[in-house]
Amino acid sequence: MKTKEQIALQEVESESMKISGAEAVIRCLLAEGVDLIYGYPGGAIMPVYDELYKFQDELNHVLTRHEQGATHAAQGYARTSGKVGVAIATSGPGATNLVTGIADAQIDSTPMVCITGQVGSHLLGSDAFLETDIIGISTPVTKWNYQITKASEIPEIFAKAFYIARSGRPGPVLIDITKDAQFDTFDFTYQKCKGVRSYKPVTALDTHAVTQAAELINQAKKPFIVWGQGVILGSAEEEFKTFVEKSGIPAAWTILGLSALPTAHPLNVGMVGMHGNYGPNLLTNECDLLIAVGMRFDDRVTGNLETYAKQAKIIHFEIDPAEINKNVMADVPVLGDCKESLQALIPMVQKKSHDQWLGRFDELMKVEVEEVIDKDLRPEKEGLTMGEVIVSINKHTQGDAVLVTDVGQHQMVACRYTNFVRSRSNVTSGGLGTMGFALPAALGAKMGAPEREVVAVIGDGGYQMTIQELGTIFQTQAAVKIVVLNNEFLGMVRQWQQLFFDKRYASTEMVNPDFVAIAKGYYLDAKKVDKRENLDAAVAEMIASDKPYFLEVCVEKEDNVFPMIPTGASVSDIRLK
């Protein structure tokens with residue numbers, strides 16, 4: 001049986017049809033297999049929305065409450081489904097409101113196509129009402145963008161856009177369409193893009209580099225793997241697991257790589273980075289071989305580059321040539337698709353165990369448990385800790401939920417303490433650090449994986465940046481579970497103020513509204529917990545619900561997140577308190 005995408009493509013490839021540019025946009029989306037888009041209508045994109053109305057049985061449109069919400073929802077959808085997310089908006093402020101989500105998708109390699117309306121082509125450059133140069137504005141934060149001024153350009157540009165967005169290292173693409181191009185008619189045919197001149201999304205695998213990498217791996221006494229989101233984007237989870245198990249090498253994750261390997265795997269030694277685990281950070285500067293797989297050596301991972309893994313040989317498996325030697329010089333760079341590279345590597349790697357070396361990670365984890373984890377998860381304080389909330393969520397989801405987080409202390413705690421049993425389970429804003437990401441992203445994540453439990457864990461600060469998307473959740477009835485950890489502070493900023501600015505809490509204390517009343521105003525089931533004895537039952541009730549649910553948990557106001565590497569410090573300078 002043919003898929004809806006194949007049928008749509010067959011219809012438009014078989015013979016040309018004379019249609020408007022607006023209808024062509026819809027037919028292009030259908031031919032690319034799109035069945036869900038997020039957006040907000042307006043004058044310059046109204047012809048497309050008029051056609052969308054006619055195709056509503058084939059293409060579901062979700063009306064977000066803000067254009068930024070549309071991009072974050074498209075990101076969440078892409079991250080859980082593995083498909084290209086689509087967002088649509090009008091010109092001017094509608095287009096500029098997409099930019100934060102586009103920038104977030106660019107740095108986190110999320111495939112997304114954004115469509116914006118534009119004033120008529122005869123008005124371009126005249127400062128017409130609702131005109132803005134979205135091509136110029138978005139150029140630094142898109143993988144590719146293009147302004148369509150003629151209807152006949154639409155099929156080729158859309159085919160190219162989807163190809164670029166999903167191929168190689170994925171990313172966001174923006175298509176700006178003038179209003180007259182939406183109205184004009186032309187003979188429409190569609191062919192999927194199979195390549196773009198001068199654009200090579202994946203470099204041919206260098207088998208000599210793979211052989212060199214295998215030799216270093218087989219010789220190493222204290223090897224260490226750090227993996228990132230490239231493992232997930234390359235659908236290389238099984239190959240990566242096989243490599244880790246055959247080589248016996250301890251492996252740690254970046255925040256976007258989380259969930260590619262189950263949390264409980266005996267060779268999964270935790271998180272690297274500013275608020276990562278003690279052992280992986282400290283032992284980065286003791287390993288004799290550092291194997292980076294699908295990660296880009298972000299500054300939050302490396303700390304001070306002058307002192308980062310200087311004693312180690314570096315192997316870097318990476319799809320994007322621009323990332324090789326950008327921050328850390330690689331002794332053996334292995335360019336190419338992660339899945340293909342690992343498939344070539346595995347037969348060359350000797351089966352080993354590194355028990356003594358792995359024991360060093362275990363020893364340091366015991367120190368972290370005593371100094372940090374026990375205090376987070378079995379506190380003597382009267383108030384609730386963020387870690388306790390995550391443990392309760394783990395208990396009632398069996399580690400099988402999709403976790404969506406915003407940015408801040410709650411993000412670090414949630415990523416450190418959530419148990420994951422399968423991939424594509426961690427959705428967060430990594431490289432850009434976008435407050436307001438989680439609520440709309442959770443909506444998209446649920447729609448991208450409707451069969452899975454989706455839990456959004458959000459701080460009280462970031463939550464209020466996109467709180468209006470409660471309206472979208474109510475209208476769609478997407479069964480997202482929303483947990484706001486309320487410490488009445490912009491917690492991460494306050495922590496820095498405490499540790500590095502002599503407790504001068506400048507503009508970080510929050511005077512918050514009645515969050516439960518607001519949720520109920522959107523007709524969502526809602527509850528507030530401020531006592532330990534009520535937490536577990538409240539989380540159980542939330543997870544058991546088959547509807548959207550809001551849970552506010554009041555946590556300690558001035559708890560800090562440790563371990564921590566101060567900005568500009570070495571990974572060896574990680575602090576436990």
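Heads up: the structure comes first, above all this text.
Reference entry: report on the structure contained in this document. This is a predicted model, so every value here is computed, not measured.

Here's the deal with the overall build of the protein chain
- If you tally the helices and strands in the protein chain, you get 24 helices and 20 strands.
- Burial analysis of the protein chain (577 residues in total) assigns 59% to the buried set.
- For the protein chain, the accessible surface area stands at approximately 22,900 Å², while carbon and sulfur atoms represent 51% of it.
- The averaged location of the 72 negative side-chain charges in the protein chain is 3 Å from the averaged location of its 54 positive side-chain charges.

Points about the packing of helix 17 (residues 386–397) against helix 24 (residues 532–544)
- In contact at an axis separation of 9 Å, helix 17 and helix 24 are set at 40° when each is read in the N-to-C sense. In terms of their interaxial angle, helix 17 and helix 24 are classed as oblique. Two packed elements cross with a definite hand, and for helix 17 against helix 24 that hand is right-handed. Across the interface between the two elements, E388, V389, S392, I393, K395, H396 and T397 of helix 17 pack against R532, L535, D536, V539, A540 and I543 of helix 24.

With respect to the packing of helix 2 (residues 21–31) against helix 8 (residues 154–166)
- Axis separation between helix 2 and helix 8 bottoms out at 10 Å; the angle between their running directions is 30°. The angle between helix 2 and helix 8 falls in the class roughly parallel. Crossing of helix 2 over helix 8 shows right-handed handedness. For the pair helix 2 and helix 8, contact is made by G21, A24, V25, C28 and L29 and by I154, P155, F158 and F162, respectively.
- Classifying every residue of the contact of helix 2 with helix 8 gives 8 nonpolar, 1 polar and no charged.

Notes on the sheet that holds strand 2 (residues 36–39)
- Read across the sheet, 6 strands follow the order 3-2-4-5-7-6 without closing on themselves; strand pairing throughout is parallel. Across the chains shown, the open sheet's two edge strands, defined by having one partner strand only, are strand 3 (60–63) and strand 6 (144–148). Taken pair by pair, the neighbouring strands of this sheet meet at an average axis angle of 20°, ignoring direction.
- Both strand 2 and strand 3 contribute to a ladder of 4 bridges, which runs parallel. Counterpart to Y38 in the pairing with strand 3 is V62.

Overview of the nonpolar core
- F224, F240, L290, I291, I315 and L345 are the most contacted members of the largest nonpolar core, which totals 100 residues.
- If we skip the residues at most four places from it in the chain, L290 touches F224, V226, F297, Y308, A309, A312, K313, I314 and I315.
- Judged by nonpolar contacts, the second largest core, of 48 residues, contains M112, V402, A438 and L439.

Side note on the layout of surface pockets
- There is about 410 Å³ of room inside the second largest pocket.
- Contributing to the lining of the second largest pocket are 19 residues, with N268, V269, G270, N277 and M365 lying nearest its centre.
- Of all the secondary structure elements, the ones that give two or more residues to the lining of the second largest pocket are strand 11 (268–271), helix 13 (278–284), helix 16 (355–377) and helix 18 (409–417).
- With 6 residues, helix 16 is the single largest residue contributor to the lining of the second largest pocket.

A closer look at the environment of E215
- Take E215: it is sitting in helix 10 (residues 207–219).
- When its relative accessible area of 45% is taken as the criterion, E215 is described as partly exposed.
- For the pair E215 and L282, spaced 67 residues apart in sequence, the C-alpha separation works out to 25 Å.

A look at unusual backbone geometry
- Cis geometry marks the peptide bond from F562 to P563, where omega comes out at 0°.
- Examined against the element boundaries, P563 turns out to sit in the segment after strand 20 (549–554).
- Residue D127 is not a glycine yet carries a positive backbone phi of 60°.
- Within the element layout of this structure, D127 appears in the loop between strand 5 (112–118) and helix 7 (134–138).
- The exposure class assigned to D127 is exposed, which follows from its relative accessible area of 73%.
- With a phi close to 50°, D502 is a non-glycine residue in the positive phi region.
- Of note, D502 is situated in the loop between helix 22 (491–500) and helix 23 (515–521).

Observations concerning the sheet that holds strand 17 (residues 454–459)
- Taking strand neighbours across the sheet as the criterion, the 6 strands line up as 16-15-17-18-20-19 in an open arrangement whose pairing is parallel. Since the sheet does not close on itself, it has two edges, and those belong to strand 16 (426–428) and strand 19 (525–529), each with one partner. Direction aside, neighbouring strands of the sheet carry axes that sit 15° apart on average.
- Of the pairings in the sheet, the one linking strand 19 to strand 20 comprises 5 bridges and is parallel in character. Along strand 20, the bridge assignment pairs D525 with Y549.
- The sheet contacts of helix 4 (residues 67–81) involve strand 15 (402–405) and strand 16, and relative to strand 16 the element is tilted by about 155°.
- Sheet strands in contact with helix 24 are strand 17, strand 18 (481–486), strand 19 and strand 20, and its direction is about 165° off that of strand 20.

So, how was this worked out
- Residues numbered from 1 in each chain as written.
- Predicted model: local features only at pLDDT ≥ 70, side-chain atom pairs only at ≥ 80, totals over all residues.
- Heavy atoms only, no water.
- Helix = DSSP H or I, 4+ residues; strand = E, 2+ residues; numbered from the N terminus.
- Buried < 20%, exposed > 50% of the residue type's maximum accessible area, 1.4 Å probe, protein only.
- Areas by Shrake-Rupley, 256 points an atom, 1.4 Å probe, with all protein chains shown as cover.
- Lys, Arg positive; Asp, Glu negative; His and termini not counted.
- Charge placed at Lys NZ, Arg CZ, Asp CG, Glu CD.
- Axes fitted to C-alpha atoms, helices over the stretch in contact; angles between N-to-C directions.
- Parallel < 35°, antiparallel > 145°, perpendicular 65-115°, else oblique.
- Left-handed = near helix turned anticlockwise from the far one by under 90°.
- Contact = heavy atoms within 4.5 Å.
- Nonpolar A, V, L, I, M, F, W, Y, C, P; charged D, E, K, R; others polar.
- Pairing = 2+ DSSP bridges.
- Core = buried A, V, L, I, M, F, W, Y, C linked by side-chain atoms within 4.5 Å.
- 1 Å grid on protein atoms, 1.4 Å probe; cavity = no way out; pocket = protein on both sides within 12 Å on 5 of 7 lines; lining within 4 Å.
- Points joined across faces, edges and corners; volume = space filled by probe spheres on them.

Don't take any of this as a statement about function, it's just geometry.
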